[in-house]
Protein chains: 2
Amino acid sequence: MAILLLLDQVDPTPLETYLKSHPDCPDVRIYPHVGCVDDIDTVVVWKHPQGVLNNFPNLKLIASYGAGVENILSDHALPKDVPITRFVDETLSDQMAEFVLAVILNHRLHITHYRELQAASVWRCGTFLPDRNVTILGMGELGSTTANLLNLNGYNIRGWSRSEKNIPGVISFFGDDQLHASIADADFIVCLLPLTPKTKHILNNELFNATKKGAFLINVGRGDHLHEDDLMDALYQEQLSGAFLDVFSTEPLPADHPFWRHPKIHMTPHISSPTDKQKVARQILDNYHRIKRGEPLLNQVNPKRSY
Amino acid sequence: MAILLLLDQVDPTPLETYLKSHPDCPDVRIYPHVGCVDDIDTVVVWKHPQGVLNNFPNLKLIASYGAGVENILSDHALPKDVPITRFVDETLSDQMAEFVLAVILNHRLHITHYRELQAASVWRCGTFLPDRNVTILGMGELGSTTANLLNLNGYNIRGWSRSEKNIPGVISFFGDDQLHASIADADFIVCLLPLTPKTKHILNNELFNATKKGAFLINVGRGDHLHEDDLMDALYQEQLSGAFLDVFSTEPLPADHPFWRHPKIHMTPHISSPTDKQKVARQILDNYHRIKRGEPLLNQVNPKRSY
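Only a predicted model underlies this, so the values are computations on that prediction, with no experimental measurement involved.

**Q** Honestly, the packing of aromatic side chains in this entry has me stumped. Any pointers?
**A** Two aromatic rings are characterised by how far apart their centres lie and by the angle between their planes. Applying the stated criterion across every chain yields a total of 12 aromatic pairs over all chains. Relative to Phe128(B), the ring of Phe99(A) has its centre 6.3 Å away and its plane inclined at 5°; by these criteria the two rings are stacked. Taken together, the residues Phe99(A) in helix H3 (residues 90-109) and Phe128(B) in the loop between helix H4 (111-119) and strand E6 (133-137) connect one chain to another. On the accessibility criterion, Phe99(A) (0% relative accessible area) is buried. According to the relative accessible area criterion, Phe128(B) is buried, its value standing at 9%. Three or more aromatic residues link up through ring pairs in this structure, and these residues are Phe99(A), Phe244(A) and Phe128(B). For the cation-ring pair, Arg132(A) lies above Tyr155(A), with the distance from its terminal atom to the ring centre recorded as 4.8 Å.

**Q** Can you help me understand the environment of Met232(B) in this one?
**A** Structurally, Met232(B) can be placed in helix H8 (residues 228-236). On a C-alpha basis, the gap between Met232(B) and Asn205(B) in space is 9.7 Å, while along the polypeptide they are 27 residues apart.

**Q** Just checking my understanding: could you explain the sheet that holds strand E4 (residues 61-64) of chain A for this structure?
**A** As a general point, the strands of a sheet are linked pairwise by backbone hydrogen bonds and lie either parallel or antiparallel. Spatially, 5 strands are ordered E2-E1-E3-E4-E5 (chain A) in an open sheet, and the strand pairing comes out parallel. Looking at the sheet topology across the chains shown, the edges are occupied by strand E2 (27-30) and strand E5 (84-85) of chain A.

**Q** Explanation requested: the domain arrangement of chain A in the structure shown.
**A** Interfaces are often described in size by the accessible area the parts lose on coming together. All names here are of chain A. We note that the domain assignment places domain 1 (2-87 + 275-293) and domain 2 (90-267) within chain A. Here the C-alpha centroids of domain 1 and domain 2 sit 32 Å apart. The partner domain 2 presents 5 residues to the 9 residues of domain 1 that form the contact. When domain 1 packs against domain 2, the two sides together hide about 520 Å² of surface, and 44% of this comes from carbon and sulfur. If you sort the residues of domain 1 by the area they bury against domain 2, Gln-9, Glu-70 and Lys-279 come out on top, with a joint share of 60%. Across the salt bridge formed by Arg-222 and Glu-70, the nearest N and O atoms sit 2.6 Å from each other.

**Q** Just checking my understanding: could you explain the pairing of E6(B) for this structure?
**A** Each regular strand carries side chains that alternate between the two faces of the sheet. All names here are of chain B. In terms of burial, E6 is largely enclosed, as 5 of its 5 residues are buried. Side chains Asn-133, Thr-135 and Leu-137 project from E6 onto one buried face, and the interleaved Val-134 and Ile-136 project onto a second face that is buried too. Taken together, E6, helix H5 (residues 141-152) and strand E7 (residues 156-161) form a β-α-β motif whose crossover is right-handed. The pairing of E6 with strand E9 (residues 188-191) spans 4 bridges and is classified as parallel. Opposite Val-134, over in E9, you have Phe-188 as the bridge partner.

**Q** I keep staring at the sheet that holds strand E11 (residues 240-245) of chain B and nothing clicks. Help me out?
**A** Residues and elements named next belong to chain B. Pairing within the open sheet is parallel, and its 7 strands lie in the order E8-E7-E6-E9-E10-E11-E12. Taken across any chain shown, the strands that pair with only one partner, and hence form the sheet edges, are strand E8 (170-174) and strand E12 (265-267). Mean inter-strand twist for the sheet, computed between neighbouring axes without regard to direction, equals 15°. Pairing of strand E10 (residues 215-219) with E11 involves 5 bridges; the strand directions are parallel. Bridged to Leu-217 within E11 is Ala-243. Its contacts with the sheet put H8 on E10, E11 and E12, and the angle it makes with E11 is roughly 140°.

**Q** Please clarify how the packing of helix H1 (residues 13-20) of chain A against helix H9 (residues 277-293) of chain A should be interpreted in this entry.
**A** Each pair of packed helices gets described by two things: the angle between the helix axes and the distance between those axes. Residue and element names in this part refer to chain A. Two elements in contact, H1 and H9, have axes separated by 9 Å at closest approach and are oriented at 55°. Taken as axis vectors, H1 and H9 run oblique relative to one another. When you trace H1 past H9, the crossing you get is right-handed. Contacts from Pro-14, Leu-15, Tyr-18 and Leu-19 of H1 reach H9 at Lys-277, Gln-278, Val-280, Ala-281, Ile-284 and Leu-285. In the contact of H1 with H9, the residues fall into 8 nonpolar, 1 polar and 1 charged.

**Q** Any chance you could explain the interface of chain B and chain A here in plain terms?
**A** Listed per partner, the contact involves 46 residues of chain B and 46 residues of chain A. A buried area of about 4,000 Å², summed over both sides, lies between chain B and chain A, and 65% of it is on carbon and sulfur atoms. If you look at where chain B meets chain A, you find 6 salt bridges. Ionic pairing is found between Arg108(A) and Glu98(B), a salt bridge with its closest N-O pair at 2.9 Å. Summed over the shared surface of chain B and chain A, the number is 22 residue pairs in polar contact (both at pLDDT 80 or more). Examining the composition of the side of chain B that touches chain A, we find that 9 residues originate from one element, helix H3 (residues 90-109) of chain B, more than from any other. Residue classes in the side of chain B that touches chain A are distributed as 26 nonpolar, 12 polar and 8 charged.

Thresholds applied
Here, residues in each chain are numbered from 1, in the same order as that chain's written sequence. Lettering for chains starts from A, numbering for ligands starts from 1, and both go in the order in which the items are written. Thresholds applied to this predicted model are a pLDDT of at least 70 for local features of residues and 80 or more for the giving and counting of side-chain atom pairs; totals over whole chains, interfaces and linings are not thresholded and use all residues. In computing side-chain properties, one takes all heavy atoms of the structure into account and sets aside hydrogens as well as water. Ring geometry is summarised as follows: Phe, Tyr and Trp rings, the Trp one being its six-membered ring, pair when their centres sit within 6.5 Å, and such pairs are stacked at plane angles under 30 degrees, edge-to-face over 60 and tilted between the two. Here a strand is any run of E in DSSP of at least two residues, a helix any run of H or I of at least four, and the numbering for each starts at the N terminus. Only protein chains enter the accessibility calculation, which uses a 1.4 Å probe; a residue whose area is less than 20% of its type maximum is buried, one above 50% is exposed, and one in between is partly exposed. By definition, being over a ring means that NZ of Lys or CZ of Arg is both within 6 Å of the ring centre and within 35 degrees of the ring normal. Two strands qualify as a pair provided that DSSP identifies no fewer than 2 bridges between them. For the domains described, the bounds stem from an automatic or database domain assignment. Whether two residues touch is decided by their heavy atoms; if any such pair falls within 4.5 Å, the residues are in contact. Note on terms: buried area is the combined drop in 1.4 Å-probe accessible area of two parts once they are placed together, counting the loss on both. What counts as a salt bridge is simple: a side-chain nitrogen of Lys or Arg found within 4 Å of a carboxyl oxygen of Asp or Glu. When the strands point away from the viewer, a crossover counts as right-handed if the route from the first strand across the helix to the second turns clockwise. Angles here are taken between N-to-C directions and fall from 0 to 180 degrees, while the axes themselves are lines fitted to C-alpha atoms, restricted in helices to the stretch in contact. When an angle is under 35 degrees it counts as roughly parallel; over 145 it counts as roughly antiparallel; between 65 and 115 it counts as roughly perpendicular; any other value is oblique. Each crossing gets its hand from how the near helix is turned against the far one by less than a right angle, where anticlockwise is left-handed and clockwise is right-handed. Residues are sorted three ways: Asp, Glu, Lys and Arg are charged, Ala, Val, Leu, Ile, Met, Phe, Trp, Tyr, Cys and Pro are nonpolar, and all the rest, Gly among them, are polar. Two N or O atoms form a polar contact when they lie within 3.5 Å of each other; inside protein one atom must be a possible hydrogen donor and the other a possible acceptor, and for residues adjacent in sequence the pair counts only when both atoms belong to side chains.

Structure follows, in structure tokens:
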């Protein structure tokens, strides 16, 4: 049997190397060099073309290369009854939490702004923003780790999620009814939701208008959480004071996209939670052998929840 | 009797307003409008001209407007036996700690660098620097608060000071003999020393060569801690990978200074610990009345230690 790597926009070579470094690794193939389709019992996927997963009659496991599985679940020809797993990494949560803290500190203390003043040889002092109210949308592994780190650093945290959470130091809001209440006092809105049909474009004008004027948006979830035109409006109307975006509907962001040159939008190229390929390899092989032994899988996705 | 404000490069008006808002405040005068010199029993000073403090025959208290007193102690005509106090503010320590954390995160996660890539419309991913070894030079109020915050955020802290300190989570180094050992493994060197004749130009080539290659310097002490030419050399030789400077020997930094345009030097205009004028006013009045009542002063300076 064999594992097929079906990765778009990701170099498969490092993952192949890490997989093969394990003595219990089966044959590894890289799409489109599939060989005999009957051999494939596991596919590792990232942004795969729709329909292709139906070509493998002996498929036992679909393993997402990352934490998000929206691309897998949106495949209309997804093989039924094949379990899906996603990559969950606590280090990744720690990195995400640090990234969000860095973005908040950078904004409150104007660090990047001073760099721009330096480039213009301008000596001009400002004061730190006192803003410490942060609402985190999405209180899964990434959201709760981020909440804990921010809490430790003296921020007031509200969290919003599908169902009620009990995290020390976090005021929990849940369900559609409480979304607007969760962000009413936010200085910072941090999106760490999974992308599902219900959360697509959740960062829209209706949401922005429910915050206090001058809130700052941080999107580290998925590009499609954000309604891009609504963000441009909210910045123009000064309903939002700025935005820090790490994810985009199309990546890399097209060269003619207005975000590149917007003075109130800071961008990073989807770096907030880099995948540790060594750990991906270990989790895939672990689940591969759990399937063989008929054991429960790690980080299996519930398609009804979309994560 | 009267309090004289003798502040250079600082607008005295807010401090005057806060002082006068207290019902027990005596007359407040602003240099050079001294009135009768016999009236002055307290001066509040910041970068005062040398010799001027000798003009007040009834002087009972010299209160520094900030935490540093090097300018007062370097006055060759300093009146003998007049107690000196400095401004100590825990909030200020918290702000300093946050500033240092922000600078470290900004460097490790390349936040400002991505802003520059954005300005050039370049989509290029990097990885976070794993660097977590921080040596703090100066373990007073500011240094120990900074150590605690960094410790809480997962950094490995070494502290160097005049005498041994016992701070949980901090490996303590002390005395001239241990200076180089304290920075041998440092990814970041943070200067939070008081400026004294012994610490002037302590950030010099000898020190830079005692660190591992590629260390990053953060100076939030005083400009004169840094030997500027030695920093330029160390950056050119790549012994240091970069520097973040908030303080300078001459402030504002002269327009023709090479730091402005140096690609490896990030600058901020002395903002890391902004003075809370309301608190300064309260501490000055408190000490003013302690003098009257013959009570021990708050935050009195020991001239032998220089702080």
